[in-house]
Amino acid sequence: QVQLVESGGDLVQPGGSLRLSCAASGSINKIYVVDWYRQAPGKQRELVAEITSSGVTNYPDSVKGRFTISRDNAKNTVYLQMNSLKPEDTGVYLCSAYIRSDYGAVDVYWGQGTQVTVSS
């Protein structure tokens with residue numbers, strides 16, 4: 001059994017910062033690509049950051065220069081540092097990860113999400 005749990009969401013003022021965490025637990029053999037998505041009300045789910053197993057990162061233009069994704073393989077945790085937050089960054093942030101379990105199967109797993117609200 002593999003689980004992903006996000007944390008770190010909060011209410012923050014425009015221009016503020018937050019760091020989100022995505023912690024994987026369970027029968028994990030290897031974690032491959034990990035993505036952070038944002039789901040805002042009435043909008044399509046949007047990819048906001050991606051990191052490969054070798055540490056290569058990718059961001060859309062909407063967050064480039066403001067968001068930084070990183071991973072701590074020893075802790076099976078991926079972080080999303082968000083700076084210079086804007087009201088349009090508001091939404092539920094979810095992480096997904098391609099994980100090989102100890103049983104050999106590779107599947108994509110999702111967390112339950114953490115709410116980020118940017119408002120004055």
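Residues numbered from 1 in each chain as written. Predicted model: local features only at pLDDT ≥ 70, side-chain atom pairs only at ≥ 80, totals over all residues. Heavy atoms only, no water.

### Observations concerning the pairing of strand β9 (residues 91–101)
Put simply, side chains in a regular strand alternate between the two faces of the sheet.
Then step 1. Along β9, eight of the eleven residues are buried, which leaves the element largely enclosed by surrounding structure.
Then step 2. Examined bridge by bridge, strand β4 (residues 28–39) and β9 share nine bridges and lie antiparallel to one another. Its bridge partner being in β9, Ile 31 is matched across the sheet by Ile 99.
Then step 3. As judged from the five bridges shared by β9 and strand β10 (residues 106–110), these two strands associate in the antiparallel manner. By the bridge assignment, Ala 97 is partnered in β10 with Tyr 109.
Then step 4. Counted between consecutive antiparallel strands, the loop separating β9 from β10 contains four residues, among which Gly 104 sits at a positive phi close to 100°. (Buried < 20%, exposed > 50% of the residue type's maximum accessible area, 1.4 Å probe, protein only. Helix = DSSP H or I, 4+ residues; strand = E, 2+ residues; numbered from the N terminus. Pairing = 2+ DSSP bridges.)

### A closer look at the environment of Cys 22
Then step 1. Take Cys 22: it is sitting in strand β3 (residues 18–26).
Then step 2. If we skip the residues at most four places from it in the chain, Cys 22 touches Leu 4, Val 5, Glu 6, Trp 36, Asn 76, Thr 77, Val 78 and Cys 95. (Contact = heavy atoms within 4.5 Å.)

### What to know about the pattern of salt bridges
Then step 1. A full pass over the atoms with the stated rule returns four salt bridges.
Then step 2. The salt bridge partner of Asp 61 is Lys 64, with a shortest N-O separation of 3.4 Å.
Then step 3. Connected through salt bridges with shared partners, the residues Arg 38, Glu 46, Arg 66 and Asp 89 form a single ionic network. (Salt bridge = Lys/Arg side-chain N within 4 Å of Asp/Glu carboxyl O.)

### Quick notes on the sheet that holds strand β8 (residues 77–82)
Then step 1. Spatially, the four strands line up as an open sheet ordered β1-β3-β8-β7, and their pairing is antiparallel. Every other strand in the sheet has two partners, leaving β1 (2–7) and β7 (67–72) as the edge strands with one partner each. With direction set aside, neighbouring strand axes in the sheet form an average angle of 15°.
Then step 2. Of the strand pairs in this sheet, β3 and β8 are connected by six bridges, and their pairing is antiparallel. Paired with Ser 21 across the strands is Tyr 79, a residue of β8. (Axes fitted to C-alpha atoms, helices over the stretch in contact; angles between N-to-C directions.)

Read these as geometric descriptors, not functional statements.
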